[in-house]
Amino acid sequence: MKDVVIIGSGLIGASMAVSLAKIGLDVAVVEASPARANTQTSYDGRTSAVAQGSVRVLSALGIWQRLGDLSPINDIRVCDNGGRFYVHYDHREAGDEPFGYIVENRLVRMAQEEAMAAQSSIEMIQPDSVKSIEHEPSHVVITLESGRVLNARLMLVADGKFSGTRALLGIAVREMTYGQTAMVFTIEHSLAHHGVAVERFMPAGPFALLPMTHQRTNVVWAEPDDMAAHMMTLSDDERLQELRARVGGHLGEISIAGGTHSYPLKLLHAHDYIRPRIALIGDAAHAIHPIAGQGANLGYRDVAVMSEVIADAARVGLDWGAENVLAHYQQWRKLDTLMMTSATDGLNRLFSNSIRPIKIARDLGLGVVNRMAPAKRLLMQNAMGLTGDLPRMMKGQAA
Ligand SMILES: Cc1cc2nc3c(=O)[nH]c(=O)nc-3n(C[C@H](O)[C@H](O)[C@H](O)COP(=O)(O)OP(=O)(O)OC[C@H]3O[C@@H](n4cnc5c(N)ncnc54)[C@H](O)[C@@H]3O)c2cc1C
């Protein structure tokens, strides 16, 4: 009997496994892709803006310390296409720490793999996935495609927004396609970025420049699906022409380094996060528009909250896979993720159009926020992931 079986070893599932092993539980992780496949550059060209709250979680798990050079986000500039107004967030207005860091997903996955390998109580099962699930009062019986059968006191589903396991469980979702596709690639440039992240809201979708290490910047460029499909057929030279016009001159000479990846954008929210002895975490529970770079940050908060409710129950000898423990997790996380889902959806709707009165109103809004110190400070702390009902790991304590 395993204590916990986690389905999916992405950014969230892998962190969850390390956290539960540190609490002293016996964990199996079932991952569909073959070993080392998801640490290749060809698998994922994205970086993540990792907020300070998530840095604390990954540090508590010993994952953060395994990452090498990191690129801090010192300033964030938000502007509307062609608008005169922008908001400039300087981390010094919120405190001593940077807002967070831009880290390549591939590197986080490598650090997570090392951290999992260092825990003898984690068994990695890959490539494999779930074929069927049966419920018993004290455990779940999970039959894998390979034929192996796992018994677990708790199953955590972390197989991403297209979660096959969630579908197998019959958990309904609210979903909406944005009709936008994000193209993601990295550029090298001759001038320093000084840790400034730029978010430009274009009518077709957001365009972001995320400062990386070694004079590189990750570009996230959203366009309507058909335009993005066309742009994916262009050569680097052709794409560079349009890119130079958007970036302007502040990065000097620019060139595209490596391949371009594309991600159709979708909002997805599960109606329920829990079933008896089962819970959804990360994108399997909630996938949001990347406009504010918060999807994985929400997932790291799931990890911190789930770890805390399990640790608290285990400490007093309670059944930590029981319904009331999982209900506590769901109650704690659902409101927060719903609020972030609405906020990012609203931001995208507000900015992805060029209707003149809306454009004037939002430009005025950006100008006002830029001059209101308290409003700015609150928004900055929010972006750092340090607001709301924080779990202990996000306060720098153990789960
Ligand atoms: C363009 C873009 C930019 C983004 N930028 C940011 C950002 O700056 N900051 C941020 O916080 N978030 C960002 N996000 C969101 C972030 O990438 C996701 O929230 C995060 O990857 C979710 O992690 P996850 O582990 O839940 O799911 P995933 O990363 O999707 O991992 C799921 C894992 O499960 C495995 N799997 C799939 N199906 C099965 C199965 N049936 N059985 C077993 N295993 C399975 C997969 O192989 C994978 O390893 C961005 C998203 C996009 C699209």
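Moving on: the overall build of the chain. Across its full length, the chain carries 10 helices and 19 strands. On the principal axes, the C-alpha backbone points of the chain span a range of 60 × 45 × 40 Å. Evaluated residue by residue, the chain yields a buried proportion of 45% over its 399 residues. Of the contacts made within the chain by residues no fewer than 6 positions apart, 76% connect residues no fewer than 24 positions apart.

What follows covers the domain arrangement of the chain. The domain boundaries assigned to the chain delineate domain 1 (2-176 + 267-395) and domain 2 (179-265). The centre of domain 1, based on its C-alpha atoms, is set 24 Å off from the matching centre of domain 2. Across the boundary between the two partners, domain 1 contributes 28 residues, which contact 27 residues of domain 2. Listing elements by their share of the side of domain 1 that touches domain 2, those giving two or more residues are β3 (47-51), β4 (71-73) and β5 (75-80). The dominant element in the side of domain 1 that touches domain 2, judged by the number of residues it contributes, is β5, at 6 residues. When grouped by side-chain class, the residues that make up the side of domain 1 that touches domain 2 number 12 nonpolar, 11 polar and 5 charged.

The next subject is helix α3 (residues 105-117). Its 13 residues place the ends of α3 18 Å apart at the C-alpha level, agreeing with the 18 Å of an ideal helix rising 1.5 Å per residue. Turning to α3, its buried residues number three or more, namely Val108, Arg109, Ala111, Gln112, Ala115 and Met116. Along α3, the residues classed as buried sweep out an arc of 165° about the axis, all on the same side. Contacts from the buried residues of α3 go to α1 (11-23), β3, β7 (100-104) and β8 (122-125).

This paragraph deals with the sheet that holds β3. Sheet strands pair via backbone hydrogen bonds, and the direction of the pair is either parallel or antiparallel. Strand order in this open sheet of 3 strands is β3-β7-β4, and the pairing throughout is antiparallel. The sheet is open, and its two edges are formed by β3 and β4, each paired on a single side. With direction set aside, neighbouring strand axes in the sheet form an average angle of 35°. The sheet contact formed by β3 and β7 spans 5 bridges and is antiparallel. For threonine 47, the partnering residue across the bridge sits in β7 and is glutamate 104. Against the sheet, helix α2 (residues 52-60) contacts β3 and β7, and its axis sits at roughly 90° relative to β3. α3 contacts β3 and β7 of the sheet and is inclined by roughly 85° relative to β7.

Cut-offs applied
Residues numbered from 1 in each chain as written. Predicted model: local features only at pLDDT ≥ 70, side-chain atom pairs only at ≥ 80, totals over all residues. Helix = DSSP H or I, 4+ residues; strand = E, 2+ residues; numbered from the N terminus. Buried ≥ 20, exposed ≤ 12 C-beta atoms within 10 Å, placed from the backbone. Contact = placed C-beta atoms within 7 Å. Domains from an automatic or database assignment. Nonpolar A, V, L, I, M, F, W, Y, C, P; charged D, E, K, R; others polar. Expected span 1.5 Å × (residues − 1). Arc of directions from axis to C-beta. Pairing = 2+ DSSP bridges. Axes fitted to C-alpha atoms, helices over the stretch in contact; angles between N-to-C directions.

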